[in-house]
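Structural description and commentary
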There are 4 protein chains.
Amino acid sequence: MHLLDLRHHVLEANLMLEREGLVRLTWGNVSGIDRDKGWFVIKPSGVSYADLSVEKMVVVDLEGTVVEGHLNPSSDTPTHRILYREFEAIGGICHTHSVHATQFSQAGRELPCHGTTHADHFHGTVPVVRELSEDEVAEDYETNTGHAIVETFRERELDPVAMPACFQAFHAPFTWGKNALDAVKNSVALEVCCEMALGTWRLNADQAPLPEHILRKHYHRKHGPDAYYGQ
Amino acid sequence: MHLLDLRHHVLEANLMLEREGLVRLTWGNVSGIDRDKGWFVIKPSGVSYADLSVEKMVVVDLEGTVVEGHLNPSSDTPTHRILYREFEAIGGICHTHSVHATQFSQAGRELPCHGTTHADHFHGTVPVVRELSEDEVAEDYETNTGHAIVETFRERELDPVAMPACFQAFHAPFTWGKNALDAVKNSVALEVCCEMALGTWRLNADQAPLPEHILRKHYHRKHGPDAYYGQ
Amino acid sequence: MHLLDLRHHVLEANLMLEREGLVRLTWGNVSGIDRDKGWFVIKPSGVSYADLSVEKMVVVDLEGTVVEGHLNPSSDTPTHRILYREFEAIGGICHTHSVHATQFSQAGRELPCHGTTHADHFHGTVPVVRELSEDEVAEDYETNTGHAIVETFRERELDPVAMPACFQAFHAPFTWGKNALDAVKNSVALEVCCEMALGTWRLNADQAPLPEHILRKHYHRKHGPDAYYGQ
Amino acid sequence: MHLLDLRHHVLEANLMLEREGLVRLTWGNVSGIDRDKGWFVIKPSGVSYADLSVEKMVVVDLEGTVVEGHLNPSSDTPTHRILYREFEAIGGICHTHSVHATQFSQAGRELPCHGTTHADHFHGTVPVVRELSEDEVAEDYETNTGHAIVETFRERELDPVAMPACFQAFHAPFTWGKNALDAVKNSVALEVCCEMALGTWRLNADQAPLPEHILRKHYHRKHGPDAYYGQ
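Residues numbered from 1 in each chain as written. Chains lettered and ligands numbered in written order. Predicted model: local features only at pLDDT ≥ 70, side-chain atom pairs only at ≥ 80, totals over all residues. Heavy atoms only, no water.

Some details on the interface of chain A and chain B
Taken together, the 36 residues of chain A in the interface contact 33 residues of chain B. Each partner contributes to the roughly 3,000 Å² buried at the junction of chain A and chain B, and carbon and sulfur atoms together form 55% of this total. Linking chain A with chain B are four salt bridges, by the criterion used here. In this structure, Asp76 of chain B engages Arg221 of chain A in a salt bridge whose closest nitrogen and oxygen atoms are separated by 3.6 Å. Elements with a minimum of two residues in the side of chain A that touches chain B: helix H4 (116-119), helix H6 (180-203) and helix H7 (212-222) of chain A. (Contact = heavy atoms within 4.5 Å. Buried area = accessible area lost by both parts, 1.4 Å probe. Salt bridge = Lys/Arg side-chain N within 4 Å of Asp/Glu carboxyl O. Helix = DSSP H or I, 4+ residues; strand = E, 2+ residues; numbered from the N terminus.)

Next comes the structure, spelled out in structure tokens:
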């Protein structure tokens, strides 16, 4: 994808945040990467979605240097940078404060797989990433947020392709995907699955998770070599 | 109805899914059947609602063979096929992952009739259909989903005309009706009745169901030879 | 108001139902009365809001006879008729199945006044009207629904002007007002107050009602000779 | 800012109330002040948002006298006046009956900081302001509402710049900010944080607040001399 096409794609992905009800005010940002160049395109900080344009998107390299653009990139840019560097198979990242996923983040509560809506997107339990220590916040808050996410995936041996989401404790969700639009779709799925889980638990506080053979079936219907969903 | 009219009708019914807030992304599909021909029209798989057109709808016969259309039909097509074959009085089928009805599915919880909104559409308790076994999933997941639904209606002696809905355990609701639009209307009604039941139980955890004589009255106000609702 | 103006006004009030999120499909109806003529204008039965027009509205007299219009009036017309006949000070009536107010109806739960939003519209606790007996349903369901509402207001000595709303048990809310638009506004207020009460009770299960002196103040700020809200 | 620009700005801020889902009917008002003149612009009372225009906005001085405009100012004008007089650093005020924030008001429940969404806007626990006594209501309800808010901030030594919000018991929230739009943004944030807290507590009834070092970090990322969020 040419850089201009990537700018368009990432702009579209950012606009989808508002249309899908994942953000209020300016509480969310999406980026997409050109792996050949090692550059990623990201939303400018604090600009309302209605005011975004292709020109206003900011291009940053994997050292965190702005290579194109007149505006400050999202304050969460260092988190995106670490995730792109450490999760080499991903092409887009999305961060929102969507209501139900943020409730899980604030409560530090994992999301087990309770149904096929979840299994279609996330292969297993969506993990919680610990909050940062006083030193980590003081040193470099946003960079260390990325490190904490990577640490969780390493320690729990999670594949970021099969589990493209996490809840940062006391904060909000991060998702990722093949590209920026795919990352936003995973944010939609995460938000809806959190809302569904809350109601499921109201109906049955001890609800068992989806049986493993159905989880596997639904995940592989949509992902990997045997996928047959879509065109 | 001519096949072209049926294509238009089924397209409209699929577009209604998004307008009524029953779907996110591409999580739902509607079909409608021409009983004379034995062909049904269904949404193509994984295509967004905004991109649908009359030409993109797929026509399938009751053996499951695509008879018109260039795109893959919905991955749930085999489920629709079984339901059309076994429930001969129905003319349309709708499958969504609408939030509240999916909460009931994930919790494996039946929906008793708690009020007239429910009685206007569903004559009694909306049943849960069991999840599939490992063998059923491995053999033919979507076809066996249809068989499991039919099995539930046979075993519980439910008339699919008077009870045009079910919750598939761990998955999501299926509804049907006289035609595709009617099937979508029943999905709207099911979603709202699930949301209403959740609040009713918060107000009164042991709420009794609607008295039988009012259920009967409301159902027959709208359905059958003595109906007087509408024009 | 001329009858044609009244038709326009009642049409507008019915269209407001959908815009305010009080109805799905065709689950609601509004009417307005010309007290001089003794005729009221009401929505036709089962017609979608998008298809309504001034010409399609139905005019009915207080005996229940259609005096103008080609379509069947709402199936709830006899309920409206009784309320107009017995509550002489009201000019409009609204019936919906709005989600939260229907939850209160289904649970047979009164709504105490928990705040100023409520006090601005309803002077005290919104009452529940009992469900109809088997005989009342068999004899004339919709007419007897009106009688049951009137009976409740008589027995509890409620003034329908100060308390323009009730929950019919197992069914849904009815509201009324000075005219059709005012009746719809009271339906909005009732729906929101029900939603607010559910959350208030989650925060404090034994929440005390609004102190009487604030209820009085807010109600009279908007209603009666000392009102100073508005223009 | 010229007075005409201020009128435009305050009009925009009032229109945002409806777009952001913070109000139904006419249940909310926003004002903005010109500190040099000592005049503030406020919504007219009981006028629907769709009918607002620059000309209809009302200009009031800090004695409460209307200095420009043909319509009655919002009935809550005396509350705004007291807040402008006592909180000298603020430039705009917003009052709504948004659902979740009103639930907290009706339950008389403070909102502790449970996450970064909250910390980005409110430095600590959002306080409850007591309801007015019978005498205070009788004497001058709206003016005394302002006094009660100021009293709470004095007694609890709260800085209205760092804590631009409160819940008035049994009533609804008030927020403020640098200007009218900023006040509305704080109303959006308050509403969402209340909804998030309700879900957080459902997931963990004893959830601890956000650690102090993260609260401080997020607040100062957006506010004060070291802020680096935005452009």
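The discussion continues.
Brief notes about the relation of the copies chain A and chain B
Of the transformation superimposing chain A on chain B, the axial component is 0.0 Å and the angular component is 90 degrees, with the fit at an RMSD of 0.0 Å. Classification of the inter-copy transformation places it as that of a four-fold axis. Closest approach to the rotation axis among the C-alpha atoms of chain A is made by Arg202 of chain A, whose C-alpha sits 6.6 Å away. (Least-squares fit on C-alpha atoms with pLDDT ≥ 70 in both.)

Examining a positive patch on the surface
Side chains of Arg202 of chain A, Arg202 of chain B, Arg202 of chain C together with Arg202 of chain D sit close together on the surface and give a patch of like positive charge. Topologically, Arg202 of chain C is positioned in helix H6 (residues 180-203). (Patch = residues over 30% accessible without salt bridge, like charges linked within 9 Å, V, L, I, M, F, W, Y side chains within 5 Å. Areas by Shrake-Rupley, 256 points an atom, 1.4 Å probe, with all protein chains shown as cover. Lys, Arg positive; Asp, Glu negative; His and termini not counted. Charge placed at Lys NZ, Arg CZ, Asp CG, Glu CD.)

Considering the packing of aromatic side chains
This structure, assessed with the given rule, holds 24 aromatic pairs over all chains. Note on Phe104 of chain A and Phe167 of chain A: the rings are 5.6 Å apart at their centroids and 20 degrees apart in plane angle, and the pair reads as stacked. Separated by 63 residues along the polypeptide, Phe104 of chain A in helix H3 (residues 99-107) and Phe167 of chain A in strand E7 (residues 165-168) bring together distant segments of the chain. We note that Phe104 of chain A, like Phe167 of chain A, is buried. Its guanidinium or amino end placed over the ring of Tyr229 of chain A, Lys222 of chain A lies 4.4 Å from that ring's centre, counting from NZ or CZ. Sitting above the plane of the Tyr49 of chain D ring, Lys43 of chain D keeps its charged end 5.1 Å from the centroid. (Phe/Tyr/Trp six-rings, centres within 6.5 Å; stacked < 30°, edge-to-face > 60°. Buried < 20%, exposed > 50% of the residue type's maximum accessible area, 1.4 Å probe, protein only. Lys NZ or Arg CZ within 6 Å of the ring centre and 35° of its normal.)

Concerning the environment of Phe87 of chain B
Along the polypeptide, Phe87 of chain B turns up in the loop between helix H2 (77-86) and strand E5 (92-96). Once residues lying within four places of it in the same chain are set aside, the contact partners of Phe87 of chain B are Arg35, Ile149, Val150, Phe153, Pro160 and Trp176 of chain B.

Considerations on the interface of chain C and chain B
Listed by partner, the interface residues are 33 residues for chain C and 36 residues for chain B. Per-residue buried area on chain C facing chain B is highest for Trp27, Gln106 and Phe170 of chain C; these three make up 23% of the total on that side. Here chain C is connected to chain B by four salt bridges. Run the count over chain C and chain B and you get 18 residue pairs in polar contact (both at pLDDT 80 or more). Elements supplying a minimum of two residues to the side of chain C that touches chain B: helix H3 (99-107), helix H5 (134-155) and H6 of chain C. Here the residues of the side of chain C that touches chain B sort into 14 nonpolar, twelve polar and seven charged. (Polar contact = N/O pair within 3.5 Å; in protein donor to acceptor, adjacent residues only side chain to side chain. Nonpolar A, V, L, I, M, F, W, Y, C, P; charged D, E, K, R; others polar.)

With respect to the environment of His8 of chain A
Note that His8 of chain A resides in helix H1 (residues 3-19). The exposure class of His8 of chain A is partly exposed, given its relative accessible area of 41%.

Some words on the packing of helix H7 (residues 212-222) of chain B against H5 of chain C
Here H7 of chain B crosses H5 of chain C at 25 degrees, and the two axes come no closer than 10 Å. Judged by the inter-axis angle, H7 of chain B sits roughly parallel to H5 of chain C. As for how H7 of chain B packs across H5 of chain C, the hand of that crossing is right-handed. In this structure, H7 of chain B uses His213, Ile214, Arg216, Lys217, His218 and Arg221 of chain B to contact H5 of chain C, whose residues at the interface are Glu134, Val137, Tyr141 and Glu142 of chain C. Residues of the contact of H7 of chain B with H5 of chain C, tallied by class, amount to three nonpolar, two polar and five charged. (Axes fitted to C-alpha atoms, helices over the stretch in contact; angles between N-to-C directions. Parallel < 35°, antiparallel > 145°, perpendicular 65-115°, else oblique. Left-handed = near helix turned anticlockwise from the far one by under 90°.)

Focus: the sheet that holds strand E7 (residues 165-168) of chain B
Residues and elements named next belong to chain B. The strand order across the open sheet formed by eight strands is E4-E3-E2-E1-E5-E8-E7-E6, and the pairing between neighbours is mixed. Only two strands of the sheet have a single neighbouring strand rather than two, namely strand E4 (66-68) and strand E6 (128-129). Looking at chain direction, E5 and strand E8 (residues 173-177) are connected through four bridges and run antiparallel. Its bridge partner being in E8, Cys94 is matched across the sheet by Thr175. Taken strand by strand, helix H3 (residues 99-107) contacts E7 and E8, and its axis lies near 55 degrees from that of E7. (Pairing = 2+ DSSP bridges.)

Description of the relation of the copies chain C and chain B
Mapping chain C onto chain B is achieved by rotating through 90 degrees and translating by 0.0 Å along the same axis, at an RMSD of 0.0 Å. In this assembly, only 6% of the residues forming the interface of chain C have copies in chain B that are likewise at the interface, indicating a heterologous arrangement.

Some words on the pattern of salt bridges
Following the criterion strictly, the structure yields 44 salt bridges over all chains and no others. Among the salt bridges present, the one from Glu110 of chain B reaches Arg156 of chain B, with a minimum N-O distance of 2.8 Å. In this pair, Glu110 of chain B sits in the loop between H3 and helix H4 (116-119) while Arg156 of chain B sits in the loop between helix H5 (134-155) and E7, placing the two residues 46 residues apart along the sequence. Note on Glu110 of chain B: relative accessible area 34%, which makes it partly exposed. With a relative accessible area of 38%, Arg156 of chain B lands in the partly exposed category. With a closest N to O distance of 2.6 Å, Arg221 of chain B and Glu142 of chain C form a salt bridge. Taken together, the residues Arg221 of chain B in helix H7 and Glu142 of chain C in helix H5 connect one chain to another. The same class applies to Arg221 of chain B and to Glu142 of chain C, which are both buried. Three or more residues are tied together by salt bridges with common partners; here these are Asp76 and Glu142 of chain A together with Arg221 of chain D.

A look at the arrangement of the chains
No interface is formed between chain A and chain C, the nearest pair of C-alpha atoms being 13 Å apart. Looking at chain B next to chain D, you find no contact at all, with the nearest C-alpha pair sitting 13 Å apart.

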